[in-house]
Amino acid sequence: MGHSANEPMFQFIGSWQGTLGGYSAPHFEDGASSPLTVKIIIKPKRVAQVFTLASGKWEELKPNTFAVEHYGPHAIVVSTTSGKDSDGTWVETYVFTLASTSPGQLVAYALRTVNNLDMVPGHPHRQFAFGNSGVMHLIADGR
């Protein structure tokens, strides 16, 4: 890569927080008016926690399911889970791609994709996705 792995902007361990604006695109739910305030806590050994702010309270998203991979100024925080509800079996994936812009600041690209496997093809909620992006800042160093 031509850079030291110890460069400050390559370090992701700690607590990151920011508000990610929603967007709309083909095959996405209309998210332009739905910002996502998120806190991502990245721990050693490729583990992460993700929280969203709802009604003034932090709620953990998919506890104990997020993993982290990183290389240079990029990191991916990902969770894929499955379960059942009144609509049948669902599969849900969250991916946060983090791109460091400077020590203590990054741009986050978030994607949530859901498949409701037992819904009939063509049902509007059989498959859907949301996308968000924005700047996040390091609010607590994890070292």
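Residues numbered from 1 in each chain as written. Predicted model: local features only at pLDDT ≥ 70, side-chain atom pairs only at ≥ 80, totals over all residues. Heavy atoms only, no water.

**Student:** Any chance you could explain the pairing of strand E2 (residues 36–43) here in plain terms?
**Tutor:** In the case of a regular strand, side chains alternate between the two sheet surfaces. With six of its eight residues buried, E2 lies for the most part within the structure. Relative to E2, strand E1 (residues 14–23) is paired through seven bridges, and the arrangement is antiparallel. Opposite Ser15, over in E2, you have Ile41 as the bridge partner. Looking at chain direction, E2 and strand E3 (residues 47–54) are connected through six bridges and run antiparallel. When the bridges of E3 are listed, Lys39 appears paired with Phe51. In sequence, E2 turns back onto E3 through a hairpin of three residues, with Lys45 there showing a positive phi of about 65 degrees. (Buried < 20%, exposed > 50% of the residue type's maximum accessible area, 1.4 Å probe, protein only. Helix = DSSP H or I, 4+ residues; strand = E, 2+ residues; numbered from the N terminus. Pairing = 2+ DSSP bridges.)

**Student:** Where do I start with the sheet that holds strand E5 (residues 74–85) in this structure?
**Tutor:** Each strand in a sheet pairs with its neighbour through backbone hydrogen bonds, running either in the same direction (parallel) or in the opposite one (antiparallel). Pairing in this closed barrel of eight strands is antiparallel, and the strands run E1-E2-E3-E4-E5-E6-E7-E8 around the ring. For this sheet, the mean angle separating the axes of adjacent strands, direction not counted, is 30 degrees. (Axes fitted to C-alpha atoms, helices over the stretch in contact; angles between N-to-C directions.)

**Student:** Any chance you could explain the environment of Val114 here in plain terms?
**Tutor:** With respect to the helices and strands, Val114 occurs in strand E7 (residues 105–116). For Val114 and Thr81, which are 33 residues apart along the polypeptide, the C-alpha to C-alpha distance reads 9.8 Å. Discounting chain neighbours no more than four positions away, the residues touching Val114 are Val91, Glu92, Arg126, Gln127 and Phe128. (Contact = heavy atoms within 4.5 Å.)

**Student:** What exactly am I supposed to notice about the nonpolar core here?
**Tutor:** Across soluble globular proteins, nonpolar side chains have a tendency to be buried as a group. In this structure, Ile40, Ile42, Val77, Phe96 and Leu98 are the most contacted members of the largest nonpolar core, which totals 20 residues. Put simply, the parts of the chain that give this core at least two residues each are E1, E2, E3, strand E4 (57–71), E5, strand E6 (88–102) and E7. In contact with Ile40, other than residues within four places in its own chain, are Gly14, Ser15, Trp16, Gln49, Val50, Val77, Phe96, Leu98 and Met136. (Core = buried A, V, L, I, M, F, W, Y, C linked by side-chain atoms within 4.5 Å.)

**Student:** What should I look at first to understand the pattern of salt bridges in this one?
**Tutor:** Following the criterion strictly, the structure yields three salt bridges and no others. Close ionic contact of Glu92 with Lys62 constitutes a salt bridge, the shortest N to O distance being 2.5 Å. With Glu92 in strand E6 and Lys62 in strand E4, this pair connects stretches of sequence that are 30 residues apart. No difference in accessibility class separates Glu92 from Lys62, as the two residues are buried. Overlapping salt bridges, with partners in common, bring together Lys62, Glu92 and Arg112 in one network. (Salt bridge = Lys/Arg side-chain N within 4 Å of Asp/Glu carboxyl O.)

**Student:** Which parts of the structure should I look at to understand unusual backbone geometry?
**Tutor:** Glycine aside, negative phi is the norm for most residues, and most peptide bonds take the trans geometry. A positive phi angle is found at Arg46, which is not glycine, with a value near 65 degrees. Among the structural elements, Arg46 can be located in the loop between E2 and E3. The residue Asn64 is not glycine, and still its phi comes out positive at about 60 degrees. Position of Asn64 relative to the elements: it lies in strand E4.

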